[in-house]
Amino acid sequence: MHGKLLPLAGLYLVQGLPYGLQSSLLPILLRARGLSLTRVGLTKGLYAPWLLKLAWAPLVDRRGTPRVWLTLSTVSLGLVCGLLAVLPPPQAGQTGLPTTVMGLLLLLNLGAAVQDVALDTLAVQLLEPKELGPGNTVQVVAYKLGSALAGGGLLVLFPTLSWPLLFWLLAATYWLAAALAWAAPALGQLAQPQASEHTPHTSYLLQDLLAVPGTLWTAGFVLTYKLGEQGAGSLFPLLLLDHGASASDLGLWSGLGAVTCSIAGSSLGGALLARHWHPLKLLKLVLQLRLGGLACQTALLFHLNSPGASLDPGTVMRGAALLSLCLQQFLGGVVTTATFTVMMHCSQLAPRALQATHYSFLATLELLGKLLPGTLAGVLADGLGPRLCFAAFLVLSGLPVLDLRLAPSNLT
């Protein structure tokens, strides 16, 4: 099993780099330059290629091998980072990212999205049912570790790390990962698609996907289970910045510290699943705890707006804010690992020729459920105010708790 999990871990780690770069590093830097919450939130539109994975998933599923797709996509990620390294960095006083930089970041997400489809092909077809728990733990933990390294870690180092050196380091990392993708024996175990396996006509593809047992419920769940958590998680650090927290502190809090807790939660979730906890029963427990944690975070935000509240070092509010960030990330890590296990189990119920496309369909909906609140959180906060915005996130976090009661029998 280690021969399967180690290549997965390395490739999912580098796949998390673009997400950390754009979810943790860029928002803090842009907000520190004076951009509105709306403009900061709308930069998440660069994740658009991830929502189009279903368009090329059948091609990756049936043409070539995972080794070829992984190698080519990872090499291209290194090339894009090399181009970013030779471009001048954004200057102080600019109202946003330069168009060329935004275009290259869009290409970076495109390469990572193609890489993700190829990795999903490998994971769904290579992992045995008893390996789903450990496999999804490796997937989630490695991805989050890559996100933390490119997000909070680089934010802490950014004052001393030049723009060219930052992206040359990322380029070198991708090229090393491409060598791993080409050389790993596990990636050559999957057979090439047979000539008799044809991609369903476009008009029938969605029908075939939805016909897989449990798909409708799983699709609805993954689309909604992160709405409240993601919206609050993307907005809360920016509001702390507005209340006097420094960008470097937030790099530690919402970057390395919080993601470390998220990785710990994902690892705990994997350990519990390996001990034969059913993922849906685990989700029922942890989603209720997450709802309570978000209620406490909302109350903390309300108190920050009262006279005399401060995030100065040594204050109770500062410690409570740190604890709130870490707790929500920890619980979110458990939830993510259990949810991805449910997704992969549902995809394994599909015909083999459709499995990777089916998983990409679910993963696209899961990403959409995370991107929408993250992108619109700033718009809602600017329009409604942080208090009403967080009250809405609290209501949204209660939806998946209710949804679990409707889970189909073939997934329970």
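Source: prediction; values computed, not measured.

Describing the side chain of T215
Consideration 1: Assignment of secondary structure puts T215 in helix α10 (residues 215-224).
Consideration 2: At 2.8 Å, the side chain of T215 forms a polar contact with the side chain of H358.
Consideration 3: Setting aside chain neighbours within four positions, we find T215 in contact with L209, L210, C346, H358, F361 and L362.

Re the pattern of salt bridges
Consideration 1: The tally for this structure, following the rule as stated, stands at 3 salt bridges.
Consideration 2: As a salt-bridge pair, R290 and E229 come within 2.7 Å of each other at their nearest N and O atoms. Of the two residues, R290 is situated in helix α13 (residues 279-304) and E229 in helix α11 (residues 227-242); the sequence distance between them amounts to 61 residues.

Some details on the UniProt feature "transmembrane region" (unreviewed entry) in the protein
Consideration 1: As recorded in UniProt, the sites labelled "transmembrane region" (unreviewed entry) are residues 68-87, 99-119, 140-159, 165-188, 250-273, 316-344, 356-372 and 384-402.
Consideration 2: A distance of 42 Å separates the end C-alpha atoms of residues 316-344, which is 100% helix and 0% strand.

Looking at the nonpolar core
Consideration 1: One finds F167 and L283 to be the most contacted residues of the largest nonpolar core, which totals 85 residues.
Consideration 2: The dominant element in this core, judged by the number of residues it contributes, is helix α6 (residues 99-126), at 14 residues.
Consideration 3: With 25 residues, the next largest nonpolar core counts L240, A245, L304 and F390 among its residues.

A short note on the packing of α11 against helix α16 (residues 386-403)
Consideration 1: Interhelical geometry of α11 versus α16 gives an angle of 150° and a closest axis separation of 7 Å. Judged by the angle between their axes, α11 and α16 are roughly antiparallel. Crossing geometry of α11 relative to α16 is assigned as left-handed. Here L227, G228, E229, G231, A232, L235, F236 and L239 of α11 come into contact with α16, specifically with P386, C389, F390, F393, L396 and S397.

Brief notes about the environment of A181
Consideration 1: By secondary structure assignment, the location of A181 is in helix α8 (residues 163-183).
Consideration 2: Assessed through its relative accessible area of 0%, A181 is described here as buried.
Consideration 3: Separated by 109 residues in the primary sequence, A181 and L72 have C-alpha atoms spaced 9.3 Å apart.

Analysis parameters
- Residues numbered from 1 in each chain as written.
- Predicted model: local features only at pLDDT ≥ 70, side-chain atom pairs only at ≥ 80, totals over all residues.
- Heavy atoms only, no water.
- Helix = DSSP H or I, 4+ residues; strand = E, 2+ residues; numbered from the N terminus.
- Polar contact = N/O pair within 3.5 Å; in protein donor to acceptor, adjacent residues only side chain to side chain.
- Contact = heavy atoms within 4.5 Å.
- Salt bridge = Lys/Arg side-chain N within 4 Å of Asp/Glu carboxyl O.
- UniProt positions renumbered as here; feature names shortened; annotations may be inferred.
- Core = buried A, V, L, I, M, F, W, Y, C linked by side-chain atoms within 4.5 Å.
- Buried < 20%, exposed > 50% of the residue type's maximum accessible area, 1.4 Å probe, protein only.
- Axes fitted to C-alpha atoms, helices over the stretch in contact; angles between N-to-C directions.
- Parallel < 35°, antiparallel > 145°, perpendicular 65-115°, else oblique.
- Left-handed = near helix turned anticlockwise from the far one by under 90°.

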